[in-house]
Amino acid sequence: MVNMSLPKAPTNNAILIAAALDAATVDDAKVVQEMITRSIGVRYKRPVGDKVNNHGLMGSSGSYDIKLIELVTNMQDAVIERLALARWLTPDAVPYASPQEAARALLPAPETVGRYPVSVVFRESDRPTSSTKRLTAVFRDAGCGLRPEQLPATIFQLGGSYKEDRLYLQGAFGIGGAMTYRNAGAVVVVSRRAPELLAPDEEDLITVAVVEWENLTKGASAYYLVDAAWTQPGDKAAPWSCPATDMPAFEAGTQLALISYGVEGLQRVREGDAKTFDTVVNTRLFVPVTPVRFTNEISGRARSTNMRGLA
């Protein structure tokens, strides 16, 4: 008799992660948030930047279309960081004086890479309630990734010096990426620390966090759910996580989705126009550290472009 084993049913953790990876609307993000609440068993909130009045701290002048470039460079930094730490072990030992020098030393030629480690996908999202066009922008890298306790001090921090003395990275004060949150209906993050960067006593985990906006008496505040009560900076409270073995298909790195993001010209299907994403990236990142794989699914299309900068 042949022993035919049936495929295992996905666990609740795998279902939660899959829902987070597929989220494209505000309602999708709310479903993931409720799944996190049920999994943790209690609803503990932690404000982005550890400041309840964080709405104003995320504001700045300029186009929100252009601000998406900050998330592209963050992904490129994550890839360089992963390769640099794998080779040199600590940030202080990394000898490169610029991101371009690091890329030349650490990255193979793009033509020899089986997949692009930095990608952006535009998905259809919520219907606009005003003249503002909306889409969901999904940023995925195969970079260093983050452990649960690292999220509050990195991509959920408002200002800081994490990259200030790391000359091999493009970012500096850690505020640019968070400026996009104010323009999104929600933000969904899924991250897994690269296994080769884990300490011997650190477990391989996948972290999921959903940033939502809450209306206050005198403004609004962005928050995410954590596994312990948070009342003031310094409190130990991390986003939801589970063993990476629950979803082994999710490889190391980070996916960040800006859900229902208001745009001025990025919704255009035709590429090459002055306001489309490919033009913005190729112009602003004239000599990019890594190529960027861009897929536009707006209006049912799935056209992909490899953006290498105008240079």
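Each remark here, short or long, concerns the structure printed above.
What you see is a predicted model, and the numbers here were worked out from it, not measured in a lab.

A.B. asks: Explain the overall build of the protein chain to me, please; I cannot follow it from the model alone.
C.D. replies: A tally of regular secondary structure across the protein chain gives 5 helices and 10 strands. For the protein chain, the proportion of its 311 residues judged to be buried stands at 49%. A sequence separation of at least 24 residues applies to 74% of the contacts in the protein chain between residues at least 6 apart. Approximately 15100 Å² of the protein chain is accessible, and the part contributed by carbon and sulfur atoms is 53%.

A.B. asks: Explanation requested: the environment of Thr283 in the structure shown.
C.D. replies: Inspection of the secondary structure puts Thr283 in helix α5 (residues 277–284). Given the relative accessible area of 44%, Thr283 is considered partly exposed. Taking the C-alpha atoms as reference points, Thr283 and Arg308, separated by 25 residues in sequence, lie 9.9 Å from one another. A distance of 2.7 Å separates a polar side-chain atom of Thr283 from the backbone oxygen of Thr279.

A.B. asks: Please explain the pairing of strand β6 (residues 219–226) as it appears in this structure.
C.D. replies: Working note: regular strand, side chains alternate between the two faces of the sheet. Among the 8 residues of β6, 7 are classified as buried, and the element is accordingly described as predominantly covered. Sheet topology places strand β1 (residues 44–47) next to β6; 4 bridges connect them, and they run antiparallel. The residue bridging Pro47 from the neighbouring strand is Tyr223, located in β6. Note: strand β5 (residues 205–216) against β6, 5 bridges, orientation antiparallel. Each residue of the ladder has a partner; that of Glu214, found in β6, is Ser221. With antiparallel pairing between neighbouring strands as the criterion, β5 and β6 make up a hairpin whose turn holds 2 residues.

A.B. asks: What should I look at first to understand the pairing of strand β3 (residues 133–141) in this one?
C.D. replies: Within β3, 7 of the 9 residues are buried, which leaves it mostly tucked inside the rest of the structure. Sheet topology places strand β2 (residues 118–124) next to β3; 7 bridges connect them, and they run antiparallel. Note on β3: the bridge partner recorded for Val118 is Asp141. Bridge count between β3 and strand β8 (residues 253–263): 8 bridges; the pairing is antiparallel.

A.B. asks: Any chance you could explain the nonpolar core here in plain terms?
C.D. replies: In a soluble, globular protein the nonpolar side chains are often hidden away together inside. With 44 residues, the main nonpolar core has Val120, Phe122, Phe139, Tyr181, Leu258 and Phe277 as its most contacted residues. Top contributing element to this core by residue count: helix α3 (residues 64–88), with 7 residues. Setting aside its immediate chain neighbours within four residues, Phe122 contacts Leu68, Leu135, Thr136, Ala137, Leu266, Phe277, Phe294, Thr295, Asn296, Glu297 and Ile298. One finds Ala23, Val32, Met35 and Tyr223 within the second-largest nonpolar core, a separate group that totals 28 residues.

Definitions and limits used
- Going along each chain's sequence as written, the residues are numbered from 1 onward.
- In keeping with the model being predicted, local features are shown solely for residues with a pLDDT of at least 70 and side-chain atom pairs are shown and tallied solely at 80 or more, while totals for entire chains, interfaces and linings include all residues.
- Side-chain calculation: all heavy atoms of the structure are included, whereas hydrogens and water are not.
- Only runs of H or I of at least four residues qualify as helices and only runs of E of at least two qualify as strands under DSSP, and these elements are numbered from the N terminus.
- Partly exposed describes any residue whose relative accessible area lies between the buried limit of under 20% and the exposed limit of over 50%, with all areas from a 1.4 Å probe on protein chains only and scaled to the type maximum.
- Residue contacts are defined here by distance: any two heavy atoms, one from each residue, within 4.5 Å place the two residues in contact.
- Each accessible area is a Shrake-Rupley result for a 1.4 Å probe, and residues are judged covered by the shown protein chains and nothing else.
- Polar contacts, as used here, are pairs of N or O atoms within 3.5 Å; protein pairs need one atom able to donate a hydrogen and one able to accept it. Residues neighboring in sequence count only if both atoms are side-chain atoms.
- By definition, two strands form a pair when at least two bridges between them are found by DSSP.
- To qualify as a nonpolar core, a set must consist of buried Ala, Val, Leu, Ile, Met, Phe, Trp, Tyr and Cys residues joined through side-chain atoms within 4.5 Å.

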